[in-house]
Amino acid sequence: MVRQYELIEQVRKYNPKADVGLLNRAYVYSMKAHGDQRRASGEAYLIHPLAVAEILADMRLDEASLAAGLLHDTLEDTLASYDELLKLFGKEVADLCEGVTKLSKISFEDKSVEQAENFRKLLLAMSQDIRVLLIKLADRLHNMRTIEAKKPESQKKTAKETMEIYAPLADRIGLHALKAELEDRAFKVLEPEEHANLSAKMEEWRTQDNLVGRVVGVLKDEFKKAGIKAEVNGREKAFYSIYSKMVRKSLAFDQLTDIVAYRVMVDSKRDCYEVLGLLHDRFKAIPGRFKDYISAPKPNGYQSLHTSVVGPFGNRMEVQIRTGEMHDVAENGVAAHWLYKPAKGGEAEQSKASPYRWLRGMLEQMQGVDDPKEFYENAKMELFSDNVYAFTPKGDLIALPRGATVLDFAFAVHSNVGMRTVSAKINGAVVPLRRQVDNGDMVEIVTSSNQTPNPGWREIVVSNRAKSAINRYLRTQERDEQVRLGREILDKASRRDGWHWDVKQVAHVAPKLPVQNIKDADDVFAALGQGRLFPRQIFDVLYPQDKTLPLDETIDIKAPKNKKKKGEESQNLSGDEAVGLEGIMGGMAVHFAKCCSPLPGEDVVGIISTGRGISVHMKTCKNLEQFADQPDRWLPVKWSKTALEGEARAFVCRLRFHLANDPGALASVASTVANLDANIVEIFTEHRGVDSTTVRCEIEIRTKDHLNRLITNLTALKQVLRVEKIYAWN
Ligand code: MN
């Protein structure tokens, strides 16, 4: 067991300026905090944090990491708080401790194999500072070294987690030796018999007449004779890697040719091929085992020549041939790419022996940077910054693109869940569907079988999966809705105006209608529903001779005025322009709310109604109050330029006239309306008094200004006492 003063000595060796005071304070604090806590082995708890700090010192980490190593279990297991650590040891140490505690809280129990990779990514993503991960790995390493004191079932759980999560993670960040040790220790717990078996065989194999030493000797002689400067060694492979190869390739121990990997290191690429030629000339090459990773490197940059030969003592042996530089990349993994720096002079020999060399490199680099945080920030794995990882209440891990909302989460769980989402909770608190998900959030989705996606959802999802599911649904839904609405519009208009239609007739006239892409009756209905077509246009084609519609009033209804200069053009409006609004997705059913009958020029807003498309209201409409607490349903809309210029289409607006009882009154109104290019659709007499009559009119009008001009001109008539726009609430 390491003691505090030994730890300090070790740190001073590689970092003479280390803040020894900080380490001593952290040690004393940890000792007091853990008090008389004991480990499962019965030993004082303090042994564990000290051992973790020692592993970190082996990695030659900075004093903040070591202090955090000493303190790493105080937040979880003692009364210590973040604020207290902050006060006593500063933000850097407190944050590291908190990070490690957070990582430790993630549970990996009962996770399927395919989720393991996601968990590893989660760990990386959550360790904002890579030192957090290093401390966590050191913690795990010491726990694995002392695992025998634990109960069998807890041993198995920890070993499984180590095998599936931590060993691959260590490998990923380039800690190959740490990975091998974690694997070997986990293997021993998970497969005790296999481990014992292999152990015995290895022991037997080792005692065989110093085979490795003799082989190395023979090879050295060969290279010397050929005048090639080469370093040769033979290293036993890790237990678990031997075992997994036996399993993977169904090999017996005796069939293994690579318990020891012989490595030949030379000065140049040319020498690599020369060594290869020599080996193949001197020994019998085993067919199919030669691989040239020098001319075709592995994706991670690994380069070497691999071959297997029948060696000088009849032994099959695997040989790797590489240069020193290739060796660095192979040993330091990913780390070599961002941290490799040629070792300087005396340091070189010593550092080659250390499996943590890349970390040493990292430290050397750090000393050249003013702010170590800045360095760690850069060193942080950028690899997974595009994703966030969150959990279902059952603990399943869901990977989402960065910026994803809880609604994306719902669709990622299953599109059937997404489609029926009514509300969501993050870590137990109710949140809006547009709330972004953070790493480690636990997200709970509440569904209802009555719920369906609405167009506003398109604005709050970022994942392709959610987007395409919503769009697919809405496209079908909107079409159905438009067809239904179009039928209703045609029905009402024909009943009101006293003419007849049936589906066959409509299908027949469909191609003759003045709107593009209309092939059958449903297309006609959909166009009506979208407002691209009006009942009167269908009537005109159905009854070309009949220019006047029968009406119960004597008012002459004119065909819609065509304000376009060049005749037919006005019929070829695009979807948006036909509706008169911008910001509406093509094909979305749009209704102008009857309650306020908005006109171009008036401020408007769209309300998304499930199964009914969008209702457009004036922003001052009283009916909007009922949607005040449903901001997800509000859709910003704007009048199109053509609508504002009165060129898009006519809008129906209801007016109330108070007329003097004068026989010519209605005629004057009608001609004033006609003179201003407006159009009376319907007239109802609401009230007939002694002196005056109240009349309600539906008038086709183009813009707010148009209406104002109309009202001004109407008010100027002596028979008109008053004119007002009608709202549902007055
Ligand atoms: Mn611990």
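Before any of the text, the structure's been laid out above.
This write-up is about the structure you can find in this document. (Residues numbered from 1 in each chain as written. Predicted model: local features only at pLDDT ≥ 70, side-chain atom pairs only at ≥ 80, totals over all residues. Heavy atoms only, no water.)

1. Concerning the packing of aromatic side chains
Moving on, step 1. Scanning the model with the defined rule gives 10 aromatic pairs in all.
Moving on, step 2. Aromatic pair Phe411 and Trp457: ring centres 6.3 Å apart, planes at 85 degrees, arrangement edge-to-face. One end of the pair, Phe411, is in helix α20 (residues 406-413); the other, Trp457, is in the loop between β11 (443-447) and α22 (464-497), and 46 residues separate them in sequence. Each member of the pair, Phe411 as well as Trp457, carries the same accessibility label: buried. (Phe/Tyr/Trp six-rings, centres within 6.5 Å; stacked < 30°, edge-to-face > 60°. Helix = DSSP H or I, 4+ residues; strand = E, 2+ residues; numbered from the N terminus. Buried < 20%, exposed > 50% of the residue type's maximum accessible area, 1.4 Å probe, protein only.)

2. Overview of the coordination of the manganese ion
Moving on, step 1. Coordination of the manganese ion by the protein is provided by His48 (NE2), His72 (NE2), Asp73 (OD) and Asp139 (OD), with metal-donor distances spanning 2.2 to 2.3 Å.
Moving on, step 2. Every donor residue of the manganese ion comes from the same chain, spaced as H-x23-H-D-x65-D. Here the residue His72 occupies a position in the loop between α4 (63-71) and α5 (74-77), and Asp139 occupies one in helix α8 (residues 130-145), the gap between them amounting to 67 residues.
Moving on, step 3. Given the relative accessible area of 2%, His72 is considered buried. (Donors = N, O, S within 2.8 Å, 3.2 Å for Na, K, Ca; no water.)

3. Some details on the pattern of salt bridges
Moving on, step 1. By the definition in use, this model includes 25 salt bridges.
Moving on, step 2. A salt bridge links Arg185 to Glu181; its shortest N-O distance comes to 2.9 Å. Here the residue Arg185 and the residue Glu181 both occupy positions in helix α10 (residues 176-190), the gap between them amounting to four residues, near one helical turn.
Moving on, step 3. Judged by its relative accessible area of 33%, Arg185 falls in the partly exposed class.
Moving on, step 4. One salt bridge connects Glu318 with Lys237, and the closest N-O pair in it is separated by 3.3 Å. Of the two residues, Glu318 is situated in strand β6 (residues 316-323) and Lys237 in the loop between β1 (230-236) and α13 (239-249); the sequence distance between them amounts to 81 residues.
Moving on, step 5. We classify Glu318 as buried; its relative accessible area is 7%. (Salt bridge = Lys/Arg side-chain N within 4 Å of Asp/Glu carboxyl O.)

4. As for the pairing of β6
Moving on, step 1. Burial analysis of β6 places seven of its eight residues in the buried class, the great majority of the element.
Moving on, step 2. In this sheet, β6 lies alongside strand β2 (residues 260-266) in parallel orientation, the contact comprising six bridges. By the bridge assignment, Val266 is partnered in β6 with Thr323.
Moving on, step 3. In this sheet, β6 lies alongside strand β5 (residues 305-310) in antiparallel orientation, the contact comprising six bridges. Bridge pairing in β6 places Leu305 opposite Ile321.
Moving on, step 4. Where β5 folds back on β6, the antiparallel hairpin that results is connected by five residues, among which Gly314 adopts a positive phi of roughly 75 degrees. (Pairing = 2+ DSSP bridges.)

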